[in-house]
Amino acid sequence: MKCWTLKTPASLLRLSAVFLVFVLGPTYAQADYFTKREDVTAFIEEIAARNQLDTAPIYAALSSANYLPRVIDLITPPPKRGARSWHRYRSRFLGQGHIEGGLRTWAQYESELRRAEKQYGVPPEIILGILGVETIYGRNMGNFETLSTLATLAFDYPPRAELFRGELESLFLLARDQNRHPASYVGSFAGAIGWPQFLPSSIRRYAVDFNGDGKIDFDNDAVDAIGSIANYLREHGWIAGAPVAVRVRLLPGTNPAPLIEAGIEPSLSRTQLLEAGIRPITHSLPDVGEATLVDLETTGVDIEYWLGYRNFYVITRYNRSSFYAMAVFQLADTIRVARDGGRTVAAPPKTKPAAARKASSGAKASKPTRKAAPRKGKGKK
Ligand SMILES: [Ca+2]
């Protein structure tokens, strides 16, 4: 494997370390916390053999990685799961900041969004919906050093060890591919990186260099994120021009349980749904293929029911949660309606967006994201 070259001056690295400790709180900054362990050395030998890598740089990188207790705190589900609340979840992503940020990002990257739509069939508002929910358009990409985060999750979080060992392996391969040091990545507490919050395996598999500068840069480049999100959705089966979801109601006496138990993957025909008592809120049920019945619960109010079509399911491949997919869809729709209605928000001047990172990424409350994480309750997200 290539040597990782640190291009950052030493003083800056020291500053970064101070910054990380300041932001993340105390870590177990114990040299060789990981590499003195037999399970870790076995992992290193295994991934080196599988990928024809030298073990020495992997040992070196992991020997300076830190155990991050905060990562374990954040990823661990609360002992008693609170009641699910669609209204509370929705309110986190459908406020004015998300909507105006979407309009502004649309104005700033209009030609790139249109190019992505032409190439991949995914409309601008859906790409913006994902960018908005994931990172508020690059404002909130997370401050967790990804190597230490993934090592902590891979070796000290047994419930998801297999998933995160795979992502840690992918991080080493990504660093090799990009000629970056594996400790140079920063992102969410679940290991997701950059504007679109891809896990390392998803970057390797689905990321595209959409601005054609010869590299994939999710830290600074919204354009690479735009193309990569569109490519990710297309690769997972996005159908251009097809609907995502429609709201429905239940005739009195309808039992939705068997329909919901049919699962998140669309399998219910229009005839089946009509016979079971599902009715559109307005007009007629679209005849556009199979659907899934989505129930959005909020304590104290009536359950909201929607039909999710194939494209709704595709959004759940980004994060396996019906709440997530519905928030993306509704944010997208709200942005599109605002734009169609003539609301505009001026694009900022055409400068490279600064990677202003604030607290940890907001979209993933307790689940690792995309792309790989099984439904904890959700599927990726
Ligand atoms: Ca690029």
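Being a predicted model, the structure only gives us computed values, none of them experimental.

**Student:** Outline the sheet that holds strand S4 (residues 278-280), supporting the account with residue identities and numerical values.
**Tutor:** The four strands are arranged S4-S3-S6-S5 in an open sheet whose pairing can be described as antiparallel. Two strands close off the open sheet at either side, each with one partner strand: S4 and strand S5 (292-296). The sheet shows a mean angle of 45° between the axes of neighbouring strands, taken without regard to direction. Where strand S3 (residues 245-250) lies against S4, three bridges are found, and the strand directions are antiparallel. Looking across to S4, one finds that Leu 250 is bridged to Ile 278.

**Student:** Describe the confidence of the model for the chain, with residues and values.
**Tutor:** Confidence along the chain averages 87 in pLDDT terms, with 83% of residues attaining 70 or more. A low-confidence stretch, residues 5-15 (pLDDT under 50), is modelled with three contacts involving residues beyond four sequence positions or located in other chains. Taken together, the stretch residues 17-26 has pLDDT below 50 and engages in eight contacts with residues farther than four places along the chain or on a different chain.

**Student:** Tell me about the nonpolar core, and please be specific about residues and values.
**Tutor:** With 100 residues, the main nonpolar core has Ile 127, Ala 151, Ile 226, Ile 229, Val 328 and Phe 329 as its most contacted residues. Sorting elements by how many residues they give to this core places helix H16 (residues 322-340) first, with 10 residues. Mapped onto the domain boundaries, this core takes at least three residues apiece from domain 1 (21-77 + 141-207) and domain 2 (245-308). Ile 226 has contacts with Tyr 109, Glu 112, Leu 113, Ala 116, Ile 127 and Phe 210, leaving out every residue within four places of it along the chain.

**Student:** Which residues make up helix H8 (residues 124-135), and what are the values?
**Tutor:** Its 12 residues place the ends of H8 16 Å apart at the C-alpha level, agreeing with the 16 Å of an ideal helix rising 1.5 Å per residue. Among the 12 residues in H8, 12 count as buried, and that is most of the element. Contact partners of the buried residues in H8: helix H6 (96-108), helix H7 (110-120), helix H12 (222-235) and H16.

**Student:** Report on unusual backbone geometry, specifying residues and quantitative values.
**Tutor:** Non-glycine residue Gln 52 carries a positive phi angle of around 50°. Along the chain, the position of Gln 52 falls in the loop between helix H2 (38-51) and helix H3 (55-63). Look at Asn 179: it is not a glycine, yet its phi comes out positive at around 55°. Mapped onto the secondary structure, Asn 179 falls in the loop between helix H10 (161-178) and strand S2 (186-187).

**Student:** Describe the environment of Ala 338, with residues and values.
**Tutor:** Along the chain, Ala 338 falls in helix H16. For Ala 338, a count of 18 C-beta atoms within 10 Å gives the class partly exposed. Residues Ala 338 and Glu 100, spaced 238 residues apart in sequence, show a C-alpha to C-alpha distance of 9.2 Å. In contact with Ala 338, not counting residues within four places along its chain, are Ile 99, Leu 103 and Arg 343.

**Student:** Break down the packing of H6 against H16 for me, with residues and values.
**Tutor:** For the pair H6 and H16, the least separation of the axes is 9 Å and the interaxial angle reads 65°. In terms of crossing hand, the pair formed by H6 and H16 is right-handed. Contacts between H6 and H16 involve His 98, Ile 99, Gly 102, Leu 103 and Trp 106 from the former and Leu 331, Thr 334, Ile 335, Ala 338 and Arg 339 from the latter. The residue makeup of the contact of H6 with H16, split by class, is six nonpolar, three polar and one charged.

Rules of the game
Residues numbered from 1 in each chain as written. Predicted model: local features only at pLDDT ≥ 70, side-chain atom pairs only at ≥ 80, totals over all residues. Pairing = 2+ DSSP bridges. Helix = DSSP H or I, 4+ residues; strand = E, 2+ residues; numbered from the N terminus. Axes fitted to C-alpha atoms, helices over the stretch in contact; angles between N-to-C directions. pLDDT = per-residue confidence, 0-100. Contact = placed C-beta atoms within 7 Å. Core = buried A, V, L, I, M, F, W, Y, C linked by C-beta atoms within 7 Å. Buried ≥ 20, exposed ≤ 12 C-beta atoms within 10 Å, placed from the backbone. Domains from an automatic or database assignment. Expected span 1.5 Å × (residues − 1). Left-handed = near helix turned anticlockwise from the far one by under 90°. Nonpolar A, V, L, I, M, F, W, Y, C, P; charged D, E, K, R; others polar.

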